[in-house]
Amino acid sequence: NFPQRVNIKEVGPRDGLQNEAEMVPTDAKIEWINLLSETGASYIEISSFVHPKWIPQLKDATAVAKQIKRNPDITYAALVPNEKGLERALAVDLDEVCLFLSASETHNKNNINKSIEETYPILERVSGEAKRADKQLRGYVSTVFGCPYEGRIEIDKVISICDRLFNMGVDEISIGDTIGVADPAQVDEVLTKLLNYFPKEKLAMHFHDTRGTALANVLVSLTHGITNFDSAVGGLGGCPYAKGASGNLATDDLLYMLHRMGIETGMDIDKVIDSALYIENYVNHLSSHQMKIINSER
Ligand code: HMG
Ligand code: MG
């Protein structure tokens, strides 16, 4: 018994690009996001208002946010790590602010230079201010299924972080498999526990496809009634502060599976593939599976 409709959150311009060593020109990002806005997407994560030294690829977040054509039916979002980031996000009137932290102490420290305890008050201030500015709020919890530094992560830790984030007023929490280690049995176990505490409508699943298990993990999530999934066109993506993290689940692969299963997404797979072909000119290494789709369909 699967849901009839799911929401796909396109994270390509943020998660897809943040790990790219070679700068993608700002104009190309803008053109790409404009193409994504034509795919029927309802949510696009356009960049991150993080420190430009930490993520050089996304240092043009302000220019991108200012110059894209915005469709009022689409939520344009970005990562915001602290008050400085929020100030920058509010200056360009972004629709949604995404807070993020890690369930692993070591990954959190490497990624945002703080312990988890030190991170909470910052996120509390950011979420309070974002709410006052009438912004939608999303929370990300990383390394839920495993950490490149610490290995296994206790589910109780994940539950307590989600609890803190919901208390800050986040509308939804994205459960991250940052390095793509999750398998379907583990997803089943984690979701069984999380859904004892939190409503399924308020969770999203964020799978990286490092080992080709992402679609299998989506399938298990669907059986739990999850209807929000993050993905990136062409399977781009990775986190520079999580060694081994590679591509996000490809939006095109996800659409192919869901549409064949009769599950609606509102997105047009041909337009999504066109947008993947566009950005391929600038990054040159889409997932091999993606290349197979392009070659067989075109
Ligand atoms: P820090 O160095 O500890 O920052 O970095 P600080 O607060 O000590 O400030 C130092 C300087 O940075 C100051 O400037 C600040 O103004 C400036 P100075 O006074 O020295 O001239 N600064 C900023 N400038 C611009 N924008 C800002 C900002 N904040 C401070 N927002 C910080 C802490 C969090 C900023 C840094 O560690 C950082 O930017 N990290 C970002 C890491 C990142 O983006 N990682 C990837 C995203 S997470 C991910 O991919 C996982 C996910 O996909 C889910 C999954 O897969 O599981 C979401
Ligand atoms: Mg990610």
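I will try to describe carefully the structure that is included in this document. (Residues numbered from 1 in each chain as written. Chains lettered and ligands numbered in written order. Predicted model: local features only at pLDDT ≥ 70, side-chain atom pairs only at ≥ 80, totals over all residues. Heavy atoms only, no water.)

### Quick look at the site of ligand 1
The following threshold applies: Being near a molecule or strand, for a residue, means having at least one of its heavy atoms within 4 Å of it. Pairing of N or O atoms within 3.5 Å defines a polar contact, subject to two protein rules: one partner must be a possible hydrogen donor and the other a possible acceptor, and residues neighboring in sequence count only if both atoms are side-chain atoms. In short, Shrake-Rupley with a 1.4 Å probe defines the accessible areas, and a residue's cover is counted only from the protein chains shown. Comment: elements are numbered from the N terminus, with helices defined as DSSP H or I runs of at least four residues and strands as E runs of at least two. Under the grouping applied here, Gly and all other residues not named as nonpolar or charged are polar, the nonpolar ones being Ala, Val, Leu, Ile, Met, Phe, Trp, Tyr, Cys and Pro and the charged ones Asp, Glu, Lys and Arg.
Taken together, 27 residues are adjacent to ligand 1, and Gln-18, His-51, Asn-82, Asn-113 and Thr-178 come closest. Arg-14 is positioned such that a nitrogen or oxygen atom in its side chain is 3.0 Å from an oxygen atom of ligand 1. Here ligand 1, which alone exposes 1,100 Å², has 74% of that area covered by the protein. Looking at the shell around ligand 1, the elements that each hand over two or more residues are α1 (12-16), α4 (83-91), α5 (105-112) and β5 (136-142). The element contributing the most residues to the shell around ligand 1 is α4, with 3 residues. Split into classes, the residues belonging to the shell around ligand 1 amount to 11 nonpolar, 11 polar and 5 charged.

### Digging into the packing of helix α2 (residues 26-37) against helix α11 (residues 269-283)
Rules: Axis definition: a line fitted to C-alpha atoms, limited for helices to the stretch in contact. Angles are taken between N-to-C directions and run from 0 to 180 degrees. Angle categories are assigned with fixed cut-offs, so that under 35 degrees is roughly parallel, over 145 is roughly antiparallel, 65 to 115 is roughly perpendicular, and the rest are oblique. Should any heavy atoms of two residues lie within 4.5 Å, those residues are considered in contact.
Interhelical geometry of α2 versus α11 gives an angle of 170° and a closest axis separation of 9 Å. Relative to α11, the element α2 lies roughly antiparallel. Here Asp-27, Ala-28, Glu-31, Trp-32, Leu-35 and Leu-36 of α2 come into contact with α11, specifically with Ser-275, Tyr-278, Ile-279 and Tyr-282. For the contact of α2 with α11, the per-class residue count stands at 7 nonpolar, 1 polar and 2 charged.

### Considering the coordination of the magnesium ion (ligand 2)
Applied cut-off: Because no water is among the atoms considered, metal sites can look incomplete, with donors defined as N, O and S atoms within 2.8 Å of the metal, or 3.2 Å for Na, K and Ca.
Here the magnesium ion (ligand 2) is held by Asp-15 (OD), His-206 (NE2) and His-208 (NE2), and the distances to it run 2.1 to 2.3 Å. Along the chain, the residues donating to the magnesium ion (ligand 2) fall in the pattern D-x190-H-x1-H. Of this pair, Asp-15 sits in helix α1 while His-208 sits in the loop between β7 (203-207) and α9 (214-223); the two residues are 193 residues apart in sequence, bridging distant segments of the chain.

### Structural notes on the pattern of salt bridges
To keep it simple, the criterion reads: The term salt bridge refers to a side-chain nitrogen of Lys or Arg lying within 4 Å of a carboxyl oxygen of Asp or Glu. The buried label applies to any residue whose accessible area, calculated with a 1.4 Å probe on protein chains only, is under 20% of its type's maximum; exposed applies above 50%, and partly exposed to all values in between.
Going through the model one piece at a time under the given rule, you end up with 15 salt bridges. One salt bridge connects Lys-131 with Asp-171, and the closest N-O pair in it is separated by 3.6 Å. With Lys-131 in helix α6 (residues 116-132) and Asp-171 in the loop between α7 (155-167) and β6 (172-177), the pair connects residues that are 40 residues apart, well separated along the chain. Residue classification places Lys-131 among the partly exposed residues on the basis of a relative accessible area of 36%. Here Asp-171 falls in the partly exposed class, since its relative accessible area comes to 34%.

Note that every value here comes from positions in space, so none of it alone points to a role or purpose.
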